[in-house]
Amino acid sequence: MFANKRSGEDAAPVDSSATYIGTDVQFEGTLRGKGVLRIEGKVVGQVEHEGTVVIGPRAEVHAKLTVRELVVQGSVEGSIQAERCEIGETARVNGEIRAQKLSVAEGASLNGDLAANQPTKGKQGEAKAAAQ
């Protein structure tokens, strides 16, 4: 089952920037990170991610999501703020979506406030708001 390793050798390469939350996992709190995050379980709280977040078809997310790129295939209740947001045909989203780029597949369920093709809030948006 476990192979002997010589010092400094790994049995298999590991992508240290990828994170997976499995179907049997429930996370509550604030989740921060970079790289790729795939959620298949349940997340409650906040997700602040500087990479790509994929919400799988059976996942349940009750959170404020502030991410660079989001792909939703499962259920999201809360607010989404993203540079790019893709809502898949199996997605169910209830809440606010703010994205520079938004795509919605036929069959997706959306209920809430949408704003696309507008800069997301952040340092640039805050600077513009302060100047006005």
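Residues numbered from 1 in each chain as written. Predicted model: local features only at pLDDT ≥ 70, side-chain atom pairs only at ≥ 80, totals over all residues. Heavy atoms only, no water.

Draft legend 1. Focus on the overall build of the chain. When you go through the chain residue by residue, the secondary structure sums to one helix and nine strands. Secondary structure elements in the chain, listed N-terminal to C-terminal, are β-β-β-β-β-β-β-β-β-α. Sorting the 132 residues of the chain into buried and exposed places 31% on the buried side. For the chain, long-range pairs separated by at least 24 residues make up 3% of all intrachain contacts whose partners lie at least 6 apart in sequence. When the accessible surface of the chain is summed, it comes to about 8600 Å², and 46% of that surface belongs to carbon and sulfur atoms. (Helix = DSSP H or I, 4+ residues; strand = E, 2+ residues; numbered from the N terminus. Buried < 20%, exposed > 50% of the residue type's maximum accessible area, 1.4 Å probe, protein only. Contact = heavy atoms within 4.5 Å. Areas by Shrake-Rupley, 256 points an atom, 1.4 Å probe, with all protein chains shown as cover.)

Draft legend 2. Representation of the pattern of salt bridges in the model. Summed over all chains, the structure comprises seven salt bridges. Across the pair Arg84 and Glu69 runs a salt bridge whose closest N-O atoms are separated by 2.8 Å. Of this pair, Arg84 sits in strand E6 (residues 75-87) while Glu69 is found in strand E5 (residues 60-72), placing the two residues 15 residues apart along the sequence. On the basis of relative accessibility, which here comes to 18%, the residue Glu69 falls in the buried class. Across the salt bridge formed by Arg84 and Glu86, the nearest N and O atoms sit 2.9 Å from each other. (Salt bridge = Lys/Arg side-chain N within 4 Å of Asp/Glu carboxyl O.)

Draft legend 3. Spatial organisation of the pairing of strand E3 (residues 36-39). Here E3 shows a clear split, with Leu37 and Ile39 buried on one side and none of Val36 and Arg38 buried on the other. Relative to strand E4 (residues 42-55), E3 runs parallel, the two sharing four bridges. Along E4, the bridge assignment pairs Arg38 with Val54. (Pairing = 2+ DSSP bridges.)

Draft legend 4. Region of interest: the nonpolar core. Grouped together as the largest cluster of nonpolar side chains are 24 residues, with contacts concentrated most on Ile39, Ile55 and Ile80. At the level of elements, E3, E4, E5, E6 and strand E7 (92-104) are the ones that each hand at least two residues to this core. With six residues, E5 is the single largest residue contributor to this core. Dropping the residues within four chain positions of it, Ile55 is found in contact with Ile39, Val61, Leu70, Val71, Val72, Gln73, Gly74, Ser75 and Val76. (Core = buried A, V, L, I, M, F, W, Y, C linked by side-chain atoms within 4.5 Å.)

Draft legend 5. Representation of the side chain of Thr52 within the structure. Among the structural elements, Thr52 can be located in strand E4. Of the polar contacts made by the side chain of Thr52, one reaches the side chain of Glu69; its length is 2.9 Å. With residues up to four places along the chain from it excluded, the contact list for Thr52 reads Gly35, Val36, Leu37, Arg68 and Glu69. (Polar contact = N/O pair within 3.5 Å; in protein donor to acceptor, adjacent residues only side chain to side chain.)

Draft legend 6. Looking closely at the environment of Ala99. For Ala99, the position within the fold is in strand E7. A residue is classified by how much of its surface remains accessible, and Ala99, at 1% relative accessible area, is buried. In this structure the C-alpha to C-alpha distance between Ala99 and Arg68, which are 31 residues apart in sequence, comes to 9.4 Å.

Draft legend 7. Molecular detail of the confidence of the model for the chain. Taken as a whole, the chain shows an average pLDDT of 85; of its residues, 77% reach a score of 70 or greater. The spread of mean pLDDT over the elements of the chain runs between helix H1 (residues 123-131), the lowest at 42, and E5, the highest at 98. Every residue in residues 1-12 is under pLDDT 50, and counting partners more than four places away or in other chains gives two contacts. Low pLDDT (under 50) marks residues 123-132, which in the prediction has zero contacts with non-local residues, meaning those over four places away or in another chain. (pLDDT = per-residue confidence, 0-100.)

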